[in-house]
Amino acid sequence: MTDATSHSGPVLVILGLGLIGGSLARALRDSGFSSRCVAWGHRESSLQRGVELGIIDDYTLDLDAAVDAADILVIATPTLIAEQMLERILPRLKERPQPPVITDVASVKGNLQRVAETVWGGMPPRLILGHPIAGSEHSGVEASDPNLFVNHRVILTPVEGNDAAALALVRAMWASTGAEVVDMAVAEHDQVLAATSHLPHMLAYALVDALAGSDASEDIFRFAAGGFRDFTRIASSDPVMWRDIALANRAALLEAIDLFSGHLAGLREAIADQQGNELLATFTRAKGARDAFAALLAARGQPPA
């Protein structure tokens, strides 16, 4: 990693230069929030590609050097790897009078909070956990998009004892990408995301896996209509990332799966017993709820659902 003593704005160091990390680096460069971005990772070819594409200024394979260079350290790895990053980084920073501000992009917060509190002896004041509600079924630095976060929400989960200046800096960072920044309690975040994001991914994976094993799988996929394609698109997401999310948010996800399973069992029973009125009532309630959700998005000026 080369030396650079002249820069404006905080030095951004990204641990894990994939879709989210690369998109964040591009967005912050475009907004002028940071004029210097360094990345760390294991795959030098991806890091070199990031430099070639102008996404980052420099990279290092040395985690200690990456941490030392940072004003803001963004852990942009899958959630179980993010745990390992905190376990490695926090002991090194504990003795510093002014460690960098640390944040992350992982889809689960409770596991990271537990690890941080165990290592630090309490929540580190300058660790602000966060989660951008944006993504793609594509992965890797070449899929990065500087507009990925525009008009999307970023959830921060500050806790008592967090440093106010650190929280303000992370909030400003995400706001500069065009995102709407909101706060949420850690447990609430994990419960809400289990229902709205993690469960749908599990259902898409399970549906595609089940149908792929059917004797009629070739015809099923050949004649699949738009609704099937739209719903199962997320089954093209990174399997390793979603394995980690499922394990990290196990309790909340199991609760969401059990809730859905109960409703699905009720729907099966209504079909088996030819309970047309019950089916109509279920479908009508669901349509009303979905239409209300779409209207809420429209009122906020967000893209249609």
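Residues numbered from 1 in each chain as written. Predicted model: local features only at pLDDT ≥ 70, side-chain atom pairs only at ≥ 80, totals over all residues. Heavy atoms only, no water.

A. The sheet that holds strand β8 (residues 153–156), seen in detail. Taking strand neighbours across the sheet as the criterion, the three strands line up as β7-β8-β9 in an open arrangement whose pairing is mixed. Unpaired on one side and paired on the other, β7 (130–132) and β9 (180–183) mark the two borders of the sheet. Neighbouring strand axes in the sheet, compared pairwise and without regard to direction, differ in orientation by 20° on average. Taken together, the three bridges between β7 and β8 define a ladder with antiparallel strand orientation. Looking across to β8, one finds that His131 is bridged to Ile155. Here helix α6 (residues 164–175) sits on the sheet in contact with β7, β8 and β9, set at roughly 170° to β8. (Pairing = 2+ DSSP bridges. Helix = DSSP H or I, 4+ residues; strand = E, 2+ residues; numbered from the N terminus. Axes fitted to C-alpha atoms, helices over the stretch in contact; angles between N-to-C directions. Contact = heavy atoms within 4.5 Å.)

B. Molecular detail of the sheet that holds strand β4 (residues 72–75). Judged by pairing direction, the sheet is parallel, and its six strands sit side by side in the order β3-β2-β1-β4-β5-β6 without closing on themselves. Of all the strands in the sheet, just β3 (58–60) and β6 (127–128) have a single pairing partner and so form its edges. Examined bridge by bridge, strand β5 (residues 101–104) and β6 share two bridges and lie parallel to one another. Opposite Ile102, over in β6, you have Leu127 as the bridge partner. Contacts from helix α2 (residues 44–52) reach β2 (37–40) and β3 within the one sheet, and its direction differs from that of β3 by about 165°.

C. Examining the packing of aromatic side chains more closely. For the coordinates displayed, the defined rule picks out one aromatic pair. Ring centres of Phe149 and Trp174 lie 5.1 Å apart, and the angle between their planes is 80°; this geometry places the pair in the edge-to-face category. Separated by 25 residues along the polypeptide, Phe149 in the loop between β7 and β8 and Trp174 in helix α6 bring together distant segments of the chain. Judged by its relative accessible area of 0%, Phe149 is buried. Since its relative accessible area comes to 0%, Trp174 is described here as buried. (Phe/Tyr/Trp six-rings, centres within 6.5 Å; stacked < 30°, edge-to-face > 60°. Buried < 20%, exposed > 50% of the residue type's maximum accessible area, 1.4 Å probe, protein only.)

D. The arrangement of helix α4 (residues 79–93) in detail. Under the 1.5 Å per step criterion, the end-to-end length of α4 is 20 Å for 15 residues, consistent within 8% with the ideal 21 Å. Those residues of α4 that sit buried are Thr79, Ala82, Glu83, Met85, Leu86, Ile89, Leu90 and Leu93. (Expected span 1.5 Å × (residues − 1).)

E. Main features of unusual backbone geometry. The backbone phi angle of Asn151 is positive, close to 65°, even though this residue is not glycine. Looking at where Asn151 falls in the secondary structure, it is placed in the loop between β7 and β8. Its identity as a non-glycine residue notwithstanding, Gln274 has a phi of 55°, on the positive side. Relative to the elements of secondary structure, Gln274 occurs in the loop between α11 (250–272) and α12 (276–299). For Gln274, a relative accessible area of 73% translates into the label exposed.

F. Local environment of the packing of α11 against α12. Packing of α11 against α12 brings their axes to within 8 Å, and their N-to-C directions diverge by 145°. Within the contact between the two elements, α11 uses Leu267, Ala270 and Ile271 and α12 uses Glu278, Leu279, Thr282 and Phe283. Its residues assigned to classes, the contact of α11 with α12 shows five nonpolar, one polar and one charged. (Nonpolar A, V, L, I, M, F, W, Y, C, P; charged D, E, K, R; others polar.)

G. Geometry of the nonpolar core. Formed by 33 residues in total, the largest nonpolar core has its most connected members in Leu12, Ile56, Val74, Phe149, Met173 and Trp174. Going through the elements one at a time, β1 (12–15), α1 (19–31), β2, β4, β8 and α6 are the ones with two or more residues in this core. Phe149 has contacts with Ile20, Ser23, Leu24, Pro132, Ala134, Trp174, Thr177, Gly178 and Ala179, leaving out every residue within four places of it along the chain. Formed by 28 residues, the second largest nonpolar core is a distinct cluster that contains Leu73, Leu127, Leu129 and Val186. (Core = buried A, V, L, I, M, F, W, Y, C linked by side-chain atoms within 4.5 Å.)

H. Looking closely at helix α7 (residues 186–212). Along its 27 residues, α7 runs 37 Å from first to last C-alpha, staying within 8% of the 39 Å computed at 1.5 Å per residue. Residue Ala194 marks the point of greatest curvature in α7, where the axis turns by about 50°. Listed as buried for α7 are Val186, His189, Asp190, Leu193, Ala194, Ser197, His198, Leu199, His201, Met202 and Ala204. The inward-facing, buried residues of α7 contact α5 (110–120), β7, β8, α9 (226–232), α10 (239–248) and α11. (Bend = angle between axes of the 7 residues up to and from the residue.)

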